[in-house]
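Listed below are the residues making up each chain.
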Amino acid sequence: MTKVAIIGAGPCGLSALRSFEQAEKKGEKIPEIVCFDKQEDWGGLWNYSWRTGSDQYGDPVPNSMYRYLWSNGPKECLEFADYSFDEHFGKPIPSFPPREVLYDYILGRVKKGNLKDKIKFRTSVTNVIYNGNNFEVTYRDKKNDKSSTDIFDYVVVANGHFSVPFIPEYPGMKAFPGRILHSHDFRDAEEFKDKNVVVLGSSYSAEDVALQCHKYGAKSVTIAYRHNPMGFKWPKGMKEVFHLDRLEGNKAIFKDGHVQETDAVILCTGYLHHFPFLSEDLKLKTGNRLYPPKLYKGVVWQNNHKLIYLGMQDQFHTFNMFDCQAWFARDVIMGKIKVPDSSKIEKDINKWVSMEEKLENADQMIDFQTEYTKELHTLSDYPKIDFELIRKTFKEWEHHKVENIMTYRNKSFSSPVTGSVGPKHHTDWETAMDDSLKTFLDQPKR
Ligand SMILES: Cc1cc2nc3c(=O)[nH]c(=O)nc-3n(C[C@H](O)[C@H](O)[C@H](O)COP(=O)(O)OP(=O)(O)OC[C@H]3O[C@@H](n4cnc5c(N)ncnc54)[C@H](O)[C@@H]3O)c2cc1C
Ligand SMILES: NC(=O)c1ccc[n+]([C@@H]2O[C@H](COP(=O)([O-])OP(=O)(O)OC[C@H]3O[C@@H](n4cnc5c(N)ncnc54)[C@H](OP(=O)(O)O)[C@@H]3O)[C@@H](O)[C@H]2O)c1
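Residues numbered from 1 in each chain as written. Chains lettered and ligands numbered in written order. Predicted model: local features only at pLDDT ≥ 70, side-chain atom pairs only at ≥ 80, totals over all residues. Heavy atoms only, no water.

Student: Explain the nonpolar core here, please?
Tutor: Among soluble globular proteins, nonpolar side chains are generally buried collectively. In terms of nonpolar packing, the biggest core is built from 104 residues, with Leu14, Phe186, Val199, Cys213, Ile266 and Leu310 touching the most fellow members. At 10 residues, the largest contribution of residues to this core is made by helix 5 (residues 319–333). When sequence neighbours within four positions are dropped, the list of residues in contact with Leu14 reads Ala9, Trp42, Gly43, Ile106, Leu107, Val110 and Ile119. In terms of nonpolar packing, the next biggest core, distinct from the first, is built from 22 residues, Val34, Phe135, Phe152 and Leu282 among them. (Core = buried A, V, L, I, M, F, W, Y, C linked by side-chain atoms within 4.5 Å. Buried < 20%, exposed > 50% of the residue type's maximum accessible area, 1.4 Å probe, protein only. Helix = DSSP H or I, 4+ residues; strand = E, 2+ residues; numbered from the N terminus. Contact = heavy atoms within 4.5 Å.)

In structure tokens, the structure reads:
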């Protein structure tokens with residue numbers, strides 16, 4: 001029987017498990033599957049952890065989630081085609097849920113079966129080599145400190161790429177009297193109440209961590225971009241300046257001449273694609289981009305078609321794109337999709353990579369990833385979902401952010417699966433301090 005190892009039980013690993021379960025329900029004979037996750041439970045980085053640094057077994061904590069995180073895109077854009085928000089919550093819910101609500105949703109469909117039995121928790125995959133015939137996968141049971149090696153025909157790499165921080169150094173950091181941390185270790189914005197905070201970066205973490213600090217009472221928030229500013233209309237108390245030059249004592253000195261006294265520097269400088277467990281010939285080497293090279297259909301390793309990567313792209317689309325990838329990968333593994341010859345693969349990869357290199361703005365990037373996801377969708381039996389509505393929703397969302405970065409999360413969109421419209425939330429995001437599932441779902445009667 002074919003044996004498949006899935007590394008990671010985050011959203012991508014769970015999409016893979018779900019895809020096989022759905023095939024089995026249709027009467028198909030599925031491979032033997034073992035999924036490994038080094039955390040104590042499933043959900044990947046949505047499974048919030050208070051820990052930073054190392055866990056109790058000495059392993060680096062993979063989790064980058066923080067308290068009070070709300071979805072930064074409309075939930076309608078990430079909805080599963082085979083399990084709608086309406087089905088999970090029994091009613092339409094607002095379009096921008098906090099973490100705990102999304103976590104509950106992600107787990108809803110996988111909890112219904114017996115998929116958990118296929119996952120070895122607290123188990124780190126430490127080494128994967130291809131011996132010319134199949135994969136030798138070595139994993140460590142962290143609790144019992146016991147290593148084992150098993151043979152697999154296919155390996156699905158679903159370990160995420162927002163877990164290992166990229167940490168640059170600037171002059172003056174060693175002598176800085178305050179706190180310096182990466183967004184990977186950011187947990188609670190209340191820590192920065194009444195403080196002057198400098199945030200480095202100009203992408204989603206910089207935007208959201210800066211807004212969180214402002215929302216929970218920071219005295220000032222100064223965001224320093226390196227190439228392009230985000231350019232939003234920031235509320236009073238927040239500003240965007242050009243690139244950090246150095247720290248001198250507790251002063252941050254920027255390349256545009258700005259000087260800001262600061263208590264903390266938060267490095268929202270992104271993450272590394274990091275696969276220390278893969279041998280060199282199997283290792284994807286890429287930055288955070290929409291079409292990482294050497295992946296046929298963004299999924300199958302060009303040099304070894306038994307190695308699958310899920311979710312390695314920079315992400316507008318998330319959960320339903322992961323599903324489309326997983327369903328495609330499942331059909332490759334089960335022999336229902338034949339991978340073409342190497343020249344066709346090369347041509348297909350080059351086509352997507354060269355299209356990506358020409359993208360100039362967010363609307364074009366949304367179009368690119370929508371086209372990619374739509375193409376994958378046509379290749380498997382992943383259920384019907386309206387990607388044209390998702391494309392339109394993403395573009396409206398982008399424009400709402402430009403209009404007002406403080407209010408975009410108060411907007412409503414309609415579901416690409418059921419058509420229902422997200423009701424307006426009972427509290428505007430800016431004043432909603434309690435992000436618990438209970439408070440979010442308990443809409444007071446108007
Ligand atoms: C701060 C933050 C906020 C985000 N917010 C949103 C959002 O609002 N909406 C959205 O759609 N997306 C968001 N994302 C994007 C996020 O990438 C996806 O939502 C999703 O979590 C990706 O799933 P994944 O399975 O690829 O990775 P992960 O969620 O990172 O899961 C990977 C899993 O692999 C396990 N693992 C890693 N290495 C090993 C190993 N060697 N052995 C065994 N197990 C291993 C980890 O323990 C983890 O459980 C956010 C990302 C970050 C960093
Ligand atoms: N739900 C939410 O609200 C939420 C919150 C946070 C994060 N996220 C998600 O998390 C993921 C990761 O986002 P991310 O912002 O952490 O990573 P990212 O999108 O890869 O962005 C990395 C940023 O780091 C900057 N950078 C890199 N090196 C730098 C240096 N030496 N000095 C200054 N800046 C530097 C880059 O700037 P250049 O452009 O100049 O290279 C870029 O702005 C995304 O998928 C995002 O959606 C979601």
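Student: Is there a simple way to explain the pairing of strand 2 (residues 32–36) in this structure?
Tutor: Counting buried positions over the 5 residues of strand 2 gives 4, a clear majority of the element. By the bridge criterion, 5 bridges tie strand 1 (residues 3–7) to strand 2 in an arrangement that is parallel. For Lys3, the partnering residue across the bridge sits in strand 2 and is Glu32. In the classification by handedness, the crossover that spans strand 1, the intervening helix 1 (residues 11–25) and the parallel strand 2 is right-handed. (Pairing = 2+ DSSP bridges. Right-handed = clockwise from strand over helix to strand, strands pointing away.)

Student: Looking at this model, I keep getting lost on the site of ligand 1. Mind explaining?
Tutor: The environment of ligand 1 is made up of 31 residues, and the closest members are Cys12, Asp37, Gln39, Val125 and Thr318. A distance of 3.2 Å separates an oxygen atom of ligand 1 from a polar atom in the backbone of Pro11. Interatomic distance of 3.1 Å between a backbone N/O atom of Lys38 and a nitrogen atom of ligand 1. Relative to its unbound accessible surface of 990 Å², ligand 1 loses 92% to contact with the protein. Residue assignment for the shell around ligand 1 shows that the elements contributing at least two residues are helix 1, strand 4 (123–130) and helix 5. Looking at which element gives the most residues to the shell around ligand 1, the answer is strand 4, with 3 residues. (Near = heavy atom within 4 Å. Polar contact = N/O pair within 3.5 Å; in protein donor to acceptor, adjacent residues only side chain to side chain. Areas by Shrake-Rupley, 256 points an atom, 1.4 Å probe, with all protein chains shown as cover.)

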